[in-house]
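Now for the letters of each chain:
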Amino acid sequence: MPFPQRLIDGYNAFRAGRLKAEQNRYRELAESGQSPQVMVIGCSDSRVSPEVIFDARPGELFVVRNVANLVPPYAPDDAYHGVSAALEFATGALKVRHIVVLGHAQCGGVQAFAEPSAPISTTDFIGKWMTLMAPAADKVGARGDLPRADYLERMEKASIANSLANLLTFPRVQYLVGADELSLHGAYFGVATGQLSVRDPRSGDFLAVDANFIAR
Ligand SMILES: [Zn+2]
């Protein structure tokens, strides 16, 4: 099959529109290099693009995306660590000031973990990857009488908190946060409503963002 025509059409629209408007910015970024202030760790889900949600320009966001926006804990072994490598680059070379873990509603990865009926086993890549969510699931506890959607939302939000905790297992992240040179944040995107919520670090609650929202 040929290269997807949808992408050719999309690129031509980009070239005629946004690239034209931002050509100078692209040239500057090519010469001076990127210096984004924010790293986003998001889900691969096609509905939750950080650049779209945050209306970001080229060079503004350093993004790593994976299934269910998970961060594995610090593990200096011989395995291949994609998130850890991106984190090292963002904090060591780029010196980003913020890391945002961006979770979302209707996350397929979270559903795969929460519902044993899903067609995924623990021997599959996703099954093994999603075991990173186990500490979050322990905190949420059993579903009990909770409606399915509420339970999954709790799991999605608890998983964001767990990823933030795992970020702090990286010595460099822990040092930078302690030195007030780096801040860690959680956020949650409601796919159906388009509503973004930001995690209050004190209460752990997710607060809806509107035009009057003042970040703490
Ligand atoms: Zn997801």
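Scroll up a little and you will see the structure.
These numbers come from a predicted model, not from an experiment.

Engineer: Could you clarify how one ought to interpret the pairing of strand β3 (residues 98-104) in this entry?
Structural biologist: Within a regular strand, side chains alternate between the sheet's two faces. Of all 7 residues in β3, 6 are buried, a share of seventy percent or more. Relative to β3, strand β1 (residues 38-43) runs parallel, the two being bridged by 5 bridges. In the sheet register, Gly42 faces β3, and the bridge partner there is Leu102. As defined by bridge partners, β3 adjoins strand β4 (residues 183-189) across 7 bridges and the pair is classed as parallel. Of the residues in β4, the one forming a bridge with His104 is Phe189.

Engineer: What is the right way to read the packing of helix α4 (residues 82-94) against helix α9 (residues 171-178) from this model?
Structural biologist: For any two helices packed against each other, the geometry comes down to the angle between their axes and how far apart the axes lie. Close contact between α4 and α9 brings their axes to 10 Å; oriented N to C, the two are set at 35°. The hand of the α4/α9 crossing is left-handed. Taken together, the residues of α9 that come into contact with α4 (itself represented by Leu87, Glu88, Thr91 and Gly92) are Arg172, Val173 and Leu176. Of the residues that constitute the contact of α4 with α9, the class distribution is 3 nonpolar, 2 polar and 2 charged.

Engineer: Would you explain unusual backbone geometry in this entry?
Structural biologist: Most peptide bonds take the trans configuration, and most residues that are not glycine carry a negative phi. Of note, the phi angle at Ala68 is positive, near 70°, even though the residue is not glycine. Structurally, Ala68 can be placed in the loop between β2 (61-66) and α4. Located in the positive-phi region is Asp180, a residue other than glycine, with phi close to 65°. If you trace the backbone, Asp180 turns up in the loop between α9 and β4. Judged by its relative accessible area of 63%, Asp180 falls in the exposed class.

Engineer: Mind showing me how you'd approach the pairing of β4 here?
Structural biologist: As paired elements, β4 and strand β5 (residues 196-199) share 3 bridges and run antiparallel to each other. Looking across to β5, one finds that Tyr188 is bridged to Ser197. Hairpin remark: β4 followed by β5, antiparallel, with 6 residues in the connecting loop; positive phi at Gly194, about 75°.

Engineer: So what exactly am I meant to see when it comes to the coordination of the zinc ion here?
Structural biologist: At 2.0 to 2.3 Å from the zinc ion lie its protein donor atoms, namely Cys43 (SG), His104 (NE2) and Cys107 (SG). Sequence spacing among the residues donating to the zinc ion works out to C-x60-H-x2-C. Of this pair, Cys43 sits in strand β1 while His104 sits in strand β3, placing them 61 residues apart in sequence.

Engineer: Explanation requested: the nonpolar core in the structure shown.
Structural biologist: Note that soluble globular proteins tend to have their nonpolar side chains buried in a common cluster. In terms of nonpolar packing, the biggest core is built from 23 residues, with Met39, Ile41, Leu87, Val96, Ile99 and Leu167 touching the most fellow members. Broken down by element, this core gets its largest block of residues, 5 residues, from α4. In this structure Val96 touches Pro36, Gln37, Val38, Met39, Ala90, Glu181 and Leu182, once residues within four positions along its chain are discounted. Among the nonpolar cores identified, the runner-up in size contains 14 residues, and Cys43, Val110, Met133 and Met155 belong to it.

Engineer: What is the right way to read the sheet that holds β1 from this model?
Structural biologist: Strand pairs in the sheet, formed through backbone hydrogen bonds, run parallel or antiparallel to each other. The strand order across the open sheet built from 6 strands is β2-β1-β3-β4-β5-β6, with neighbouring strands paired in mixed fashion. For this open sheet the edge positions go to β2 and β6 (206-208), each flanked by a neighbour on one side alone. Pairs of neighbouring strands in the sheet enclose a mean axial angle of 25°, with direction left out of account. Here α4 sits on the sheet in contact with β1, β2 and β3, set at roughly 170° to β2.

Engineer: What's the story with the pattern of salt bridges in this structure? I'm lost.
Structural biologist: Between side chains of opposite charge, a pair can form as their charged atoms come close. Following the criterion strictly, the structure yields 5 salt bridges and no others. Across the pair Arg18 and Glu22 runs a salt bridge, and its minimum N-O distance is 3.1 Å. You can see Arg18 and its partner Glu22 sitting in helix α2 (residues 18-32), 4 residues apart, about one turn around the helix. Residue Arg18 is classed as partly exposed on the basis of its relative accessible area, which comes to 40%. As a salt-bridge pair, Lys157 and Glu153 come within 2.7 Å of each other at their nearest N and O atoms. Note that Lys157 and Glu153 are positioned in helix α8 (residues 148-167) at a spacing of 4 residues, about one turn of the helix. Several salt bridges share partner residues, and in doing so they unite Arg18, Glu22 and Arg57 into one network.

Quick notes on the rules
Residues numbered from 1 in each chain as written. Predicted model: local features only at pLDDT ≥ 70, side-chain atom pairs only at ≥ 80, totals over all residues. Heavy atoms only, no water. Buried < 20%, exposed > 50% of the residue type's maximum accessible area, 1.4 Å probe, protein only. Helix = DSSP H or I, 4+ residues; strand = E, 2+ residues; numbered from the N terminus. Pairing = 2+ DSSP bridges. Axes fitted to C-alpha atoms, helices over the stretch in contact; angles between N-to-C directions. Left-handed = near helix turned anticlockwise from the far one by under 90°. Contact = heavy atoms within 4.5 Å. Nonpolar A, V, L, I, M, F, W, Y, C, P; charged D, E, K, R; others polar. Donors = N, O, S within 2.8 Å, 3.2 Å for Na, K, Ca; no water. Core = buried A, V, L, I, M, F, W, Y, C linked by side-chain atoms within 4.5 Å. Salt bridge = Lys/Arg side-chain N within 4 Å of Asp/Glu carboxyl O.

From the geometry alone we can't say anything about function, so treat these as descriptive.
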